[in-house]
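The residues making up each chain are set out below.
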Amino acid sequence: MAEKIIIAIDGYSSSGKSTMARELARRIGYVYVDSGAMYRAVTLFALRNGMVKEGKIDVDSLVSALPSINITFQPTGEDGIQHTLLNGEDVEKEIRSMEVSGMVSPVAVIPEVRERLVALQQQFGKEKGIVMDGRDIGTTVFPDAEMKVFVCASAEERAKRRYLELKEKGEEVDFEEVLRNVEERDRIDTTREVSPLRKASDALELDNGSMTRAQQMEWLMEKFHEIEMKK
Ligand code: CDP
């Protein structure tokens, strides 16, 4: 049995990271952790507890509430997808709403939020054998990850994917609104002070704009085997 490694998949919003990370983990028998879901769960908590007023976050209240926010993952739901639990409640559907998407990047800018979630993410990776996707996994959470992938595609292409995904789930959405959200999150994520989104110098770049899911998986599996063989 080859030694287990850590796989960090970072990239822009709606670049298909989560789908490819989940599928890769399933194929190689690793644990999958969606770090974005953790930022989304904290955002949902803030929204539900009146900590967002007229689009402004009450940072002090949210920071003092952080110790009482517990985020865990249920290995697989009935749909075969890992569900996110906020203080034991399954919030997988709620955290994907446009309301949460609209507030998550400003929440993810708060240094105390990042500090707490990064510590939790590092705990998840202690045993290795993990695929984690996000924005700062290869740069901050696991700078020593054996395999790092940075995913990119044009904002239009990404918005198109997200739009179809939301429509499929039955959400009433407007393409322009989705595109604006994707662009706004790109802007906040790349310009924030703490752990901005950027490609780690040792990350493999994957531009999946014109790749099918199957081609993407083939590319990932090939890279994984190359790295695993060198171990
Ligand atoms: O799925 P999508 O790419 O739209 O986003 P996500 O992975 O669910 O992440 C939602 C938001 O959380 C991002 O736009 C970032 O603002 C933030 N995030 C972060 O700051 N750091 C991470 N490691 C993961 C997500």
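Structure report, in brief. (Residues numbered from 1 in each chain as written. Predicted model: local features only at pLDDT ≥ 70, side-chain atom pairs only at ≥ 80, totals over all residues. Heavy atoms only, no water.)

If you tally the helices and strands in the protein chain, you get 9 helices and 10 strands. A compact globule built from 231 residues should have a C-alpha radius of gyration of about 17 Å, and the protein chain, at 17 Å, falls within 12% of that. Dimensions of the protein chain, computed from the C-alpha atoms along their principal axes, are close to 50 × 40 × 35 Å. Going through the 231 residues of the protein chain one by one, you find that 50% of them count as buried. Taking as baseline every contact in the protein chain between residues at least 6 positions apart, the subset at least 24 positions apart corresponds to 72%. Carbon and sulfur atoms form 49% of the exposed surface of the protein chain, whose accessible area is close to 11,700 Å². Of the side-chain charges in the protein chain, 33 are positive and 42 negative, and the distance between the mean point of each set is 2 Å. (Helix = DSSP H or I, 4+ residues; strand = E, 2+ residues; numbered from the N terminus. Rg over C-alpha atoms; globule rule 2.2 N^0.38 Å. Buried < 20%, exposed > 50% of the residue type's maximum accessible area, 1.4 Å probe, protein only. Contact = heavy atoms within 4.5 Å. Areas by Shrake-Rupley, 256 points an atom, 1.4 Å probe, with all protein chains shown as cover. Lys, Arg positive; Asp, Glu negative; His and termini not counted. Charge placed at Lys NZ, Arg CZ, Asp CG, Glu CD.)

A word on the packing of aromatic side chains. As enumerated under the stated definition, the model contains 4 aromatic pairs in all. Geometrically, the ring pair formed by Tyr 12 and Phe 150 is edge-to-face, given 5.9 Å between the ring centres and 75° between the ring planes. Linking Tyr 12 in the loop between β1 (6–11) and α1 (17–28) with Phe 150 in strand β9 (residues 147–152), this pair joins segments that are 138 residues apart in sequence. For Phe 150, a relative accessible area of 7% puts it in the buried group. (Phe/Tyr/Trp six-rings, centres within 6.5 Å; stacked < 30°, edge-to-face > 60°.)

Before going further, it helps to examine a negative patch on the surface. There is a patch of like negative charges on the surface, built from Glu 156, Asp 174, Glu 176, Glu 177 and Glu 183. The element contributing the most residues to the negative patch is helix α8 (residues 175–191), with 3 residues. Judged by relative accessible area, which is 43%, Glu 176 ranks as partly exposed. (Patch = residues over 30% accessible without salt bridge, like charges linked within 9 Å, V, L, I, M, F, W, Y side chains within 5 Å. Salt bridge = Lys/Arg side-chain N within 4 Å of Asp/Glu carboxyl O.)

Val 42, Leu 62, Ile 69 and Val 113 are the most contacted members of the largest nonpolar core, which has 38 residues in total. Top element by residues in this core is helix α2 (residues 35–48). It accounts for 8 residues. For Leu 62, the residues in contact, after removing those within four places along its chain, are Val 42, Phe 45, Ala 46, Met 51, Ile 57, Ile 69, Val 107, Ile 110 and Val 113. Counting residues in hydrophobic clusters, the runner-up holds 21 residues, among them Ala 25, Tyr 30, Tyr 32 and Val 131. (Core = buried A, V, L, I, M, F, W, Y, C linked by side-chain atoms within 4.5 Å.)

Below, the discussion takes up the packing of α2 against helix α4 (residues 98–108). Relative to each other, α2 and α4 sit at 105°, their axes nearing to 8 Å. It follows from the interaxial angle that α2 and α4 lie roughly perpendicular. For the pair α2 and α4, contact is made by Tyr 39, Arg 40, Val 42, Thr 43, Leu 44 and Leu 47 and by Glu 99, Val 100, Ser 101, Met 103, Val 104, Val 107 and Ala 108, respectively. Residue composition of the contact of α2 with α4, grouped by class: 9 nonpolar, 2 polar and 2 charged. (Axes fitted to C-alpha atoms, helices over the stretch in contact; angles between N-to-C directions. Parallel < 35°, antiparallel > 145°, perpendicular 65-115°, else oblique. Nonpolar A, V, L, I, M, F, W, Y, C, P; charged D, E, K, R; others polar.)

A few words now on the packing of α2 against helix α5 (residues 111–124). Contact pair α2 / α5: the axes reach a minimum separation of 11 Å and the direction vectors enclose 140°. Classified by the angle their axes make, α2 and α5 are oblique. Between α2 and α5 the crossing geometry is right-handed. Mapping the contact onto sequence places Ser 35, Met 38, Tyr 39 and Val 42 in α2 and Val 113, Arg 114, Leu 117, Val 118, Leu 120, Gln 121 and Phe 124 in α5. When the residues that make up the contact of α2 with α5 are grouped by side-chain class, the tally is 8 nonpolar, 2 polar and 1 charged. (Left-handed = near helix turned anticlockwise from the far one by under 90°.)

Here we come to the sheet that holds strand β2 (residues 31–34). With parallel pairing, the 5 strands of this open sheet are ordered in space as β2-β8-β1-β9-β10. Both outer strands of the open sheet, β2 and β10 (204–207), are each paired with one neighbouring strand and no more. Neighbour to neighbour, the strand axes of the sheet diverge by 20° on average, direction disregarded. By the bridge criterion, 4 bridges tie β9 to β10 in an arrangement that is parallel. Among the inter-strand pairings, Val 149 is bridged to a residue of β10, identified as Leu 204. Its contacts with the sheet put α1 on β1, β2, β8 (130–134), β9 and β10, and the angle it makes with β1 is roughly 165°. (Pairing = 2+ DSSP bridges.)

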